[in-house]
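Chain by chain, the residues run as shown.
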Amino acid sequence: MNTEEVLDLFRESGALLEGHFILSSGLRSPIFLQKARVFMYPAKVEKLCRALAAKIRETGYGDVSQIVSPAVGGIIPGYETARHLGVPAIYTERVNGVFELRRGFELQPGEKVIVVEDIVSTGVSIRECIEAIRKTGANVVAAACLIDRSAGEAEVGVPLVSLVQYKVPAYPADALPPELAAIPAVKPGSRGLS
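Keep in mind it's a predicted model, so treat the numbers as computed, not measured.

Observations concerning the overall build of the protein
(1) Moving on: The secondary structure content of the protein amounts to six helices and eight strands.
(2) Moving on: The N-to-C order of helical and strand elements in the protein reads α-β-β-α-α-β-α-β-β-β-α-β-β-α.
(3) Moving on: Against the globule reference of 16 Å for 194 residues, the protein gives a C-alpha radius of gyration of 16 Å, in line with a compact fold.
(4) Moving on: Considering only C-alpha atoms, the protein reaches an extent of 50 × 35 × 25 Å along its principal axes.
(5) Moving on: Out of the 194 residues belonging to the protein, those deemed buried represent 46%.
(6) Moving on: The contacts in the protein between residues at least 6 apart in sequence include a share of 66% that link residues at least 24 apart.
(7) Moving on: When the accessible area of the protein is evaluated, it comes to approximately 9200 Å², of which 51% is carbon and sulfur surface.

Now the structure itself:
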């Protein structure tokens, strides 16, 4: 899938939003990708994640025993990508602000895994997920995402495979362009919810 095909799925789902958004990183942006609107449609998720699994294989990272995703946003794409790779999918959850494995999910020392996330802006969630995984002794060979909003600029600590790169402007709250500053900000993401 190319960038326009992926963005078309977001547009069809009403998931490509314009306005003034507070991203989970704290940065501000005039564009928000409300992936939950796409994730409502199993056929669209299947198409995206089949393509992501193919890209993971093409880049040489398909030989893993499990997919691990950060909750909440990474659960659905992690599960569906794992289905296409033929491996189990598990996820980390925040406990007192720190990602950890719960619900009986386990990783073995030396086990090769890949982290699958929905959308990457700064890579914070992936880095925190990797830290939790490494505490188990498992080996994170790469990370993957549906859309890399940073266009390759986010540093996640391992190779990052993205289905597409889509550079979207993002600004610190104290450095907004006037047209963005004139619009009330909304925070549509899930980080920080309890």
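Comments concerning unusual backbone geometry
(1) Moving on: The step from A71 to V72 runs through a cis peptide bond, and the omega angle for that step is 5°.
(2) Moving on: Here V72 shows up in the loop between β3 (66–70) and α4 (75–85).
(3) Moving on: The phi torsion at R103 lies on the positive side, around 60°, for a residue other than glycine.
(4) Moving on: Inspection of the secondary structure puts R103 in the loop between β5 (98–101) and β6 (112–120).
(5) Moving on: For A151, which is not a glycine, the phi torsion comes out positive at approximately 55°.
(6) Moving on: For A151, a relative accessible area of 31% translates into the label partly exposed.

Comments concerning the environment of G26
(1) Moving on: Within the secondary structure, G26 is located in the loop between β1 (16–22) and β2 (28–33).
(2) Moving on: Taking the C-alpha atoms as reference, G26 lies 7.7 Å from A173; in sequence the two are 147 residues apart.

Some remarks on helix α1 (residues 3–12)
(1) Moving on: For α1, every residue scored as buried is listed here: V6, L7, L9 and F10. For α1, the arc enclosing every buried residue in end-on projection is 150°, short of the 170-degree limit, so these residues lie on one face.
(2) Moving on: At the N-terminal boundary of α1, the capping side chain belongs to N2, with an oxygen 3.1 Å from the backbone nitrogen of E4.

Quick look at the packing of aromatic side chains
(1) Moving on: According to the stated counting rule, one finds two aromatic pairs in the structure shown.
(2) Moving on: Between F21 and F32, the ring centres sit 5.6 Å apart and the planes meet at 35°, which makes this aromatic pair tilted. In this pair, F21 sits in strand β1 while F32 sits in strand β2, placing the two residues eleven residues apart along the sequence. As far as burial versus exposure is concerned, F21 and F32 are alike and both buried.
(3) Moving on: On the basis of an interplanar angle of 75° and a centroid distance of 5.1 Å, the ring pair of Y91 and F105 is categorised as edge-to-face. Residue Y91 is located in strand β4 (residues 89–95), and its partner F105 is located in the loop between β5 and β6; the two are separated by 14 residues in the primary sequence.
(4) Moving on: The ring centre of Y41 lies 4.7 Å from the NZ or CZ of K44, which sits over that ring.
(5) Moving on: Between R94 and the ring centre of F99, over which it is positioned, the NZ or CZ distance is 4.2 Å.

Here is what the cut-offs are and how they apply
- Residues numbered from 1 in each chain as written.
- Predicted model: local features only at pLDDT ≥ 70, side-chain atom pairs only at ≥ 80, totals over all residues.
- Heavy atoms only, no water.
- Helix = DSSP H or I, 4+ residues; strand = E, 2+ residues; numbered from the N terminus.
- Rg over C-alpha atoms; globule rule 2.2 N^0.38 Å.
- Buried < 20%, exposed > 50% of the residue type's maximum accessible area, 1.4 Å probe, protein only.
- Contact = heavy atoms within 4.5 Å.
- Areas by Shrake-Rupley, 256 points an atom, 1.4 Å probe, with all protein chains shown as cover.
- Arc of directions from axis to C-beta.
- Polar contact = N/O pair within 3.5 Å; in protein donor to acceptor, adjacent residues only side chain to side chain.
- Phe/Tyr/Trp six-rings, centres within 6.5 Å; stacked < 30°, edge-to-face > 60°.
- Lys NZ or Arg CZ within 6 Å of the ring centre and 35° of its normal.

Fair warning: the whole summary comes from geometry, so function is off the table for now.
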